[in-house]
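Chain by chain, the residues run as shown.
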Amino acid sequence: MIADTFSGYSGAQLELIAKAETAGRAIPPLWPLSSSVAVNPFLGQTDRGLTDVAALLARVGGLEVTMPRGWYAGKIADGTITEADLTAALRIYPDAAPDIAGLKEAATQDTPSGAALRSVADLAAEVSGIDWQGIITERFGAWAAGYFDAGQALWQNAPGRGAFEAWRDFAMRDLSPEIAGLTGFGALVAKSPLQARLALVTAFEQLGVTNAAAGTYCHQLLLELGGWSQVGRYRLWQAELAGSTDATTMDLLTIRLIWEQALYLQYAEEIADKWADVLAAHQAPVTPDQAQIISVALQTAAEFAGQRALAETLAADATVAPEGRPALQAAFCIDVRSEVFRRALESVDPGIQTLGFAGFFGLTTAHRGFASDVTEKRLPVLLNHGVTSSATSDSDAQADQRARFTARAGRAWGRFKLAAVSSFAFVEATGPVYLGKLLKDALGKDHAKGPESRKPLLDPAFGLEARIGAATTILRAMSLTKDFAPLVLLFGHGANVVNNPHASALHCGACGGYAGDVNARLLADILNDARVREGVAANGITIPEDTLFVGGLHDTTTDAVTIFADDFAGHKHGAYLKTARDWMSSAGKLARTERALRLPRAVNGEAIKARSTDWAETRPEWALAGCQAFIAAPRSRTRGKGLAGRAFLHDYDWQADEGFGVLELILTAPVVVASWISLQYYGSVVAPVAFGGGNKLLHNVTGGIGVVEGNGGVLRGGLPWQSVHDGQSYSHDPLRLSVCVEAPAEAITDILRKHDSVCELFDNRWLHLFRLDAAGQIDKRYAGRLTWVDFDQPPVADPKVAAA
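Residues numbered from 1 in each chain as written. Predicted model: local features only at pLDDT ≥ 70, side-chain atom pairs only at ≥ 80, totals over all residues. Heavy atoms only, no water.

(A) Expanded view of the overall build of the protein. When helices and strands are tallied, the protein shows 29 helices and 19 strands. Its C-alpha atoms give the protein a radius of gyration of 28 Å, within 12% of the compact-globule value 28 Å for 804 residues. The principal-axis extent of the C-alpha atoms belonging to the protein is close to 85 × 75 × 55 Å. Looking at the protein as a whole, 55% of its 804 residues are labelled buried. As displayed, the protein has an accessible area near 32,900 Å², and 55% of this comes from carbon and sulfur atoms. (Helix = DSSP H or I, 4+ residues; strand = E, 2+ residues; numbered from the N terminus. Rg over C-alpha atoms; globule rule 2.2 N^0.38 Å. Buried < 20%, exposed > 50% of the residue type's maximum accessible area, 1.4 Å probe, protein only. Areas by Shrake-Rupley, 256 points an atom, 1.4 Å probe, with all protein chains shown as cover.)

Below you can see the structure in the form of structure tokens.
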């Protein structure tokens, strides 16, 4: 990698570099397919409100950040959005329309179509008739697919080089740009500085880009690179999490700028005046126009309607929770898919109590599967791992070696099938042999790899005192400190699907895109340790001797559950486990029946099972589509209420939370993760071109890290279209998440005061915050700037706060 320091740069050049680096942080990170997690596409804009972001993204990407006007008009016409909702929205955005009638009329008018400011590539295309934007996309993608390859390609790029250095070598030998008409491109690249930052400022200076114009111009170029720039941002995210840094995003921006530089040098005489106008527009303040204010007002009215419906649901009577010791306790991830199953399970027997907790169960483990050297970070991506674990014990050494030999043989066979020469003969010679496999797959007899049967083991370095401390903290965070059932099941969740590049996106986001069974089993092992129980008892939590904790896995695609009772030999809970399995089976049938109502072509609950093994099924499940609320309160407040799989449910008892440490953890971790999920769905619906994953039917896996549509081009991040649309209508209403917390408003305010990044999510209304009373009903609304109002009183626009 070529060293690149800041020595020798002028003050103006350093300012340009700073603007470029800030633009790089406006791009969301993209995790690889092996461990993909939901990411807020507006991650770099949460310090602004939605109207400002609407103006920004219209400038740099020609994007809309709200739904088409007709969507709101339809909700007004069918009564979903009422006049009260429109009135409340106008109180926040009085400039949107003079009255309700005006806002209704605006909803019937098409949103004025806008376009991004033009790049040099766009201007050059206009005067030359050559699709330079398409050529850049294709050539950049051809290089990036190889550079970022994570093991899919048989011929690997030389490792250890920075992106800019690797691209220079590629571009100096790539004849495609000059064949297309860009004279001297290879020579320009060869003469460009070896240091990426110097090449960056050189391009800026030749293009005449000023400090005032650099911010949104760089943002635009990075946005045009799609998922490639997001991969660079991911590398920076991971590096900073480890206390380091990474220059990949800036390297990619420099590459794109050199294309602009080359095109400008060739077409300057014809486009100079237009380019000067573009730069002047980039220098202008980002200000929302009337159309954008109207659209955001309509979006806010739709969210008021959703909040009103949520309040009505929470106001209904809850079913009676078991008193005293439950017959069974089952803890699930807070994932919205668990809400359906939990409600079904509780309806099976009144003695069942369910709980909701983050799916990594408080254990930030870096795990290695059986016969594997791959480290799976099964924890929220906001955190570093704190413990390590493995599915291989000392007694498994021979089995481990055999499995590794088998895996190596399989990889060698796979490479033989794909190699440049042997692949042709392979198809001719062995094609008929694969007829059986083709038939098996087509009939849905193929199954994805199930959960690891071997018991995961914590590293002994995580000693007894650490385990006691972890157990105490986790039980208190779960609000599980008394009335333990004889059997306590801890369920992680995952999805068992085939032929799905985005399979990891169906797993547990709190587990870094992996299934949550490992974390659940590790916690069960800790809590069954007699020495840990003694230590926990000394900390004030007494677990009865006859209580057994067992880890499990909830398959969200089929609503089948696996209980890993074999992890604990010699237990005397056979009867309890048999009953629990019967209850789970009954709950699974109920849950599948409810889910079948939403899934296309699912004629009944049993039809859902086949979707997980159908290699042609683009919608095996809806994942978290429909998520609208996050509720932190005792389960008794929501038990039996029809939340329809649209709410994250986190058990929380503020009266047992001395010092409100658990509340602080909830607001700064699970709520933030839920906001990423909610806003990823929001962005994939309102701006699918930039923030959506495209069409599954056209996907090709590239580099093992992501997908492209067709045979190359832009890497696609976000959710595929089939994940948010059923072919006729949206499966997800893009509403910013409503966070409901049962706790004193003063305690919530104190936590927001301590965490600026969390506070701005609520102040700028990327999330809506509500307080629940002792009956579990919404009574207060957060109005911004650490103030609260009654729920039925909408906040008034505050000029000191970014408009929502």
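(B) Summary view of the sheet that holds strand 18 (residues 778–784). Overall, mixed pairing links the six strands, which are arranged 11-10-16-17-18-19 in an open sheet. Sheet topology places strand 11 (647–650) and strand 19 (787–790) at the edges, where each strand pairs with a single neighbour. Sheet twist, expressed as the mean angle between neighbouring strand axes with direction ignored, is 25°. (Pairing = 2+ DSSP bridges. Axes fitted to C-alpha atoms, helices over the stretch in contact; angles between N-to-C directions.)

(C) A look at the packing of aromatic side chains. One pass over the full model with this rule turns up 27 aromatic pairs. Note on Phe332 and Phe341: the rings are 5.6 Å apart at their centroids and 50° apart in plane angle, and the pair reads as tilted. Each of the two residues, Phe332 as well as Phe341, counts as buried. One aromatic cluster is present, built from ring pairs that chain together Phe140, Trp143, Tyr147, Phe148 and Trp228. A cation over a ring is seen here: Arg454 above Phe370, with NZ or CZ 3.6 Å from the ring centre. We note Arg521 situated over the ring of Phe564; from NZ or CZ to the ring centre the distance is 3.8 Å. (Phe/Tyr/Trp six-rings, centres within 6.5 Å; stacked < 30°, edge-to-face > 60°. Lys NZ or Arg CZ within 6 Å of the ring centre and 35° of its normal.)

(D) Layout of the packing of helix 4 (residues 83–92) against helix 15 (residues 290–315). Viewed as axis vectors pointing N to C, helix 4 and helix 15 meet at an angle of 130°, and their least axial separation amounts to 8 Å. On the basis of their axis angle, the class for helix 4 and helix 15 is oblique. For the pair helix 4 and helix 15, the crossing hand works out as right-handed. Contact residues: Asp85, Leu86, Ala88, Ala89 and Ile92 in helix 4; Ala297, Leu298, Thr300, Ala301, Phe304, Ala305 and Arg308 in helix 15. (Parallel < 35°, antiparallel > 145°, perpendicular 65-115°, else oblique. Left-handed = near helix turned anticlockwise from the far one by under 90°. Contact = heavy atoms within 4.5 Å.)

(E) Spotlight on the sheet that holds strand 1 (residues 328–333). Reading across the sheet, the five strands line up as 2-1-7-8-9 and stay open at both edges, with mixed pairing between neighbours. At either margin of the open sheet sits one strand with a lone partner, and together these are strand 2 (352–357) and strand 9 (560–563). For this sheet the average axis-to-axis angle between neighbouring strands, irrespective of direction, equals 25°. Sheet topology places strand 8 (residues 548–555) next to strand 9; four bridges connect them, and they run antiparallel. Bridging across to strand 9, His554 finds its partner in Val561. The strands touched by helix 21 (residues 517–527) within the sheet are strand 7 (487–494) and strand 8, with strand 8 carrying the most contacts at an inclination of about 175°. Together, strand 1, strand 2, strand 7 and strand 9 form the strand contacts of helix 23 (residues 574–596), whose direction differs from that of strand 7 by roughly 40°.

(F) Structural view of the pattern of salt bridges. Going through the model one piece at a time under the given rule, you end up with 41 salt bridges. Between Glu126 and Lys274 there is a salt bridge, and its shortest N-O distance comes to 3.8 Å. Remark: Lys274 occurs in helix 14 (residues 248–283) and Glu126 occurs in helix 6 (residues 120–128); sequence separation between them is 148 residues. A relative accessible area of 36% places Lys274 in the partly exposed class. Linking Arg771 and Asp779 is a salt bridge whose minimum nitrogen-to-oxygen distance equals 2.8 Å. In the salt-bridge network here, residues are joined through shared partners; they are Arg118, Glu126 and Lys274. (Salt bridge = Lys/Arg side-chain N within 4 Å of Asp/Glu carboxyl O.)

(G) Representation of the layout of surface pockets. The space that makes up the second largest pocket amounts to roughly 690 Å³. The wall of the second largest pocket is formed by 27 residues, among which Gln353, Ser479, Leu480, Lys482 and Asp653 lie closest to the centre. For the lining of the second largest pocket, the secondary-structure elements that each account for two or more residues are strand 2 and helix 25 (661–668). The residue makeup of the lining of the second largest pocket, split by class, is 10 nonpolar, seven polar and 10 charged. (1 Å grid on protein atoms, 1.4 Å probe; cavity = no way out; pocket = protein on both sides within 12 Å on 5 of 7 lines; lining within 4 Å. Points joined across faces, edges and corners; volume = space filled by probe spheres on them. Nonpolar A, V, L, I, M, F, W, Y, C, P; charged D, E, K, R; others polar.)

(H) Up close: unusual backbone geometry. At Ala371, a position not held by glycine, the phi torsion is positive, near 55°. If you trace the backbone, Ala371 turns up in the loop between strand 3 (365–368) and strand 4 (375–378). For Ser479, which is not a glycine, the phi torsion comes out positive at approximately 55°. On the secondary structure map, Ser479 appears in the loop between helix 20 (464–477) and strand 7. Here Ser479 falls in the partly exposed class, since its relative accessible area comes to 28%.

(I) Region of the structure containing empty space enclosed by the protein. Counted by the stated rule, this structure contains seven cavities of 30 Å³ or more. For the largest cavity, the lining is made up of 48 residues, of which Val37, Ala38, Ala505, Gln680 and Leu719 are closest to its centre. Only helix 26 (670–686), strand 14 (706–709) and strand 15 (719–720) provide two or more residues apiece to the lining of the largest cavity. Among the elements that line the lining of the largest cavity, the one with the most residues is helix 26, at five residues. The space that makes up the second largest cavity amounts to roughly 140 Å³. In terms of lining, the second largest cavity is formed by 16 residues, of which the most central are Arg765, His768, Arg781, Tyr782 and Pro795. Looking at the lining of the second largest cavity, the elements that each hand over two or more residues are helix 15, helix 29 (756–763), strand 17 (768–772) and strand 18. Considering each element in turn, the lining of the second largest cavity owes the most residues, four residues, to strand 18.

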